Amino acid sequence: MHQTNQFDLLKTRRFLPLFITQSLGAFNDNLFKNALLVMITFHGLSTAGLSAGALVNAAAGIFILPFFLFSSFAGQLAEKYDKARVAQWVKLLEIAIMLAAGIGFWQKDAAILMSCLFMMGVHSALFGPLKYSILPQYLKDQELLGGNGLIEMGTFVAILLGQIAGTMIIQHQPHGESLIIWACLGVAILGWLSSRSMPAAPAPVKDLKINWNVFSETWHIVKHVKQNKTVFNSLLGISWFWFFGAVYLTQLPSLAKDVLGGDAAVYTLLVALFSVGVGLGSVLCEKLSGRKIELGLVPFGSLGLSFFGIELFFAIGNAPSGQFTLSQFISAAPHWRIMADIGLMGVFGGLFIVPLYALVQMRTEKEFTSRAIAANNILNSLFMVVAAGMSIAILSAGIPIRGLLLMVALMNIGVSIYIYTLIPEFMMRFLVWIMTHTLYRVNHQGLDNIPDKGPCVLVCNHVSFMDAMIIAGAIRRPVRFVMDHRIFKIPVLNFIFRTAGTIPIAPMREDPNMKGQAFDKVAQYLDEGEIICIFPEGKITHTGEINTFKPGIDEIIKRTPVPVIPIALQGLWGSFFSRKDGAAMMKMPRNIWAKVGFIVGEPVPAALATRQYLEQQVRVLRADWK
């Protein structure tokens, strides 16, 4: 039986035309840009008396500038009009730009080509907010992570192929200029044709009044996004990745040539390893997170970036000296370590940014998503400019490229700690993800029975100290647990429980005030549309059998009538965290990465949700597997 995965989206009209349009746009950006840079560097193209080096640096700034100038306008455009229609307008603009670029290539006119480079920056700035904000309109919530992963993969692979194609075509003399004209124009036309197949994506805010003042609108967008702390810090996280990547990718030519002694083909190999790595990490997100937005992958990704960045520093130090062709470089064993480090940095970069993009799309108001992405593009550009300035200053101070790369890898640790301090949810999810994925293989059934919105109560059998972790790791929405105060106080787990909004509770005879406060907090969460999870047995089983459900669940539903969803955990009895053969966590671990069942039943209306009926339902779901 075929198991649904993100690649199935490539068979649908609601995703494939967008994927093709975006990939062709990224390809054409780099096809044109690299052809221009090769002409400047190797064929003497110049203007205004600028040297080749000055013109190359000017080109980088000219391409980034439109992201500052037009991102706020692009965000408004994508909110006010149908996004598919806007995509077609942008692709028509691309065709016009490539026609003008054709004149520039034909006449070898640097002024025309640099103007076209600026306009391609405008094209990308206009398309950026659209491509990410349209995904929540085209995809279901459980498809968002996979869709973002495919978009990132397609983008980085297209960038790589565009760089290679632009370099190869323009150097095919004496017909390079003619070939690049037809290549750029042909790709632009294909992009427009694919955009015409994109389904309609109605405007979220048709009556939006466009603010033409770039600076005031940019300030307004950033100010609005800052009100949502999780979204704003996610945008900062994405921008930090572009800072990190800009430093590494900018230094790769010098690293390949001056430090490693490689030729142009070696540089291309290193770029390819990083780009393919990001693509691979992007598509792995869905597999590693079970088709839900798993914030735990973000710290995992940042740890990998720093680890392999530091490891690259030592690998470069052990590289052999000399001059190497591509085949000679690959055949030298010490270079394998360098290639692995760069590729794995890309993989962990993909794991880092894809959940952040999906989180921004999920937690931003639907009528503001495009403008939030516009704010992200502005921040990305700013971070990349700062990265360039910092790199120039550090290298000018006499610090070698190897040292610069190490500094950025170490900075990544500090930035990550800062972000996770601001939003403990990231680290909490990371701990949950690590614990549930290293200790168990969880087989989920019936997850679709849990609503995407609205209040409900989950009731589950209580087998081990890991029960809450398994539930929290399986469900896409945040779950607020009602938990025995002694379990709540367990070190490490306490950080997770506090961050997740867990409610500690004690028996009436032990602490009546705590019990009363717990029920008040449960009612408050349910009134706010949250999910509550309670273990109605009131204690972890000593025998492996389900204990009788206590009246607490009746009191909760009587006070706040909401649907109740029965859940059964299977396979945890006998684990290190259960009470089989003695106290939990006081015996030798066994059955590491054991198979665990997580079975979700049909929602039970509040009118039928007595503790006796719910206990019967959980027993049926658990069956004979303890």
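Here, every reference points to the structure presented above.
How each quantity is defined
- Residues numbered from 1 in each chain as written.
- Predicted model: local features only at pLDDT ≥ 70, side-chain atom pairs only at ≥ 80, totals over all residues.
- Heavy atoms only, no water.
- Helix = DSSP H or I, 4+ residues; strand = E, 2+ residues; numbered from the N terminus.
- Expected span 1.5 Å × (residues − 1).
- Polar contact = N/O pair within 3.5 Å; in protein donor to acceptor, adjacent residues only side chain to side chain.
- Patch = residues over 30% accessible without salt bridge, like charges linked within 9 Å, V, L, I, M, F, W, Y side chains within 5 Å.
- Areas by Shrake-Rupley, 256 points an atom, 1.4 Å probe, with all protein chains shown as cover.
- Salt bridge = Lys/Arg side-chain N within 4 Å of Asp/Glu carboxyl O.
- Buried < 20%, exposed > 50% of the residue type's maximum accessible area, 1.4 Å probe, protein only.
- Pairing = 2+ DSSP bridges.
- Phe/Tyr/Trp six-rings, centres within 6.5 Å; stacked < 30°, edge-to-face > 60°.
- Lys NZ or Arg CZ within 6 Å of the ring centre and 35° of its normal.
- Axes fitted to C-alpha atoms, helices over the stretch in contact; angles between N-to-C directions.
- Parallel < 35°, antiparallel > 145°, perpendicular 65-115°, else oblique.
- Contact = heavy atoms within 4.5 Å.

All right, on to helix H4 (residues 110–133) then. Between its first and last C-alpha atoms H4 spans 35 Å; for 24 residues at 1.5 Å apiece the expected length is 34 Å, and the two agree. Where H4 begins, the capping side chain belongs to Asp109, and its oxygen is found 2.9 Å from the backbone nitrogen of Ala111.

The subject of this paragraph is a nonpolar patch on the surface. Where nonpolar side chains cluster on the molecular surface, the patch consists of Ile189, Leu190 and Leu193 and spans about 250 Å² of accessible area. Within the secondary structure, Leu190 is located in helix H7 (residues 176–195).

Right, let's talk about the pairing of strand S5 (residues 531–534) for a bit. Here S5 shows a buried face lined by Ile531 and Cys533 and a second buried face lined by Ile532 and Ile534. Relative to S5, strand S2 (residues 456–460) runs parallel, the two being bridged by 4 bridges. Note on S5: the bridge partner recorded for Leu458 is Cys533. One ladder, built from 4 bridges, connects strand S3 (residues 479–484) with S5; its direction is parallel. The partner of Arg480 across the bridge, within S5, is Ile532.

With that settled, the discussion passes to unusual backbone geometry. With a phi close to 50°, Lys108 is a non-glycine residue in the positive phi region. With respect to the helices and strands, Lys108 occurs in the loop between helix H3 (83–107) and H4.

With that settled, the discussion passes to the packing of aromatic side chains. For any two aromatic rings, the description comes down to two numbers: the centre-to-centre distance and the angle of the planes. Under the counting rule described, the total for this entry stands at 18 aromatic pairs. Both rings, one in Phe307 and one in Phe308, keep their centres 5.0 Å apart while their planes meet at 90°; by these two values the pair is edge-to-face. A residue is classified by how much of its surface remains accessible, and Phe307, at 53% relative accessible area, is exposed. Exposure remark for Phe308: the relative accessible area of 14% places this residue in the buried category. Linked through ring pairs, Phe300, Phe307, Phe308 and Phe348 together constitute an aromatic cluster. The ring of Tyr81 carries Lys80 above its face, with NZ or CZ at 5.8 Å from the centroid. Sitting over the ring of Phe127, Lys91 keeps its end group 5.1 Å from the ring centre.

Glancing now at the packing of helix H15 (residues 401–422) against helix H16 (residues 424–439). At their nearest, the axes of H15 and H16 sit 4 Å apart, and the two run at 100° to each other. Here H16 runs roughly perpendicular to H15, going by the angle between their axes. Of H16, the residues touching H15 (which contributes Tyr420, Thr421 and Leu422) are Pro424, Phe426 and Met427.

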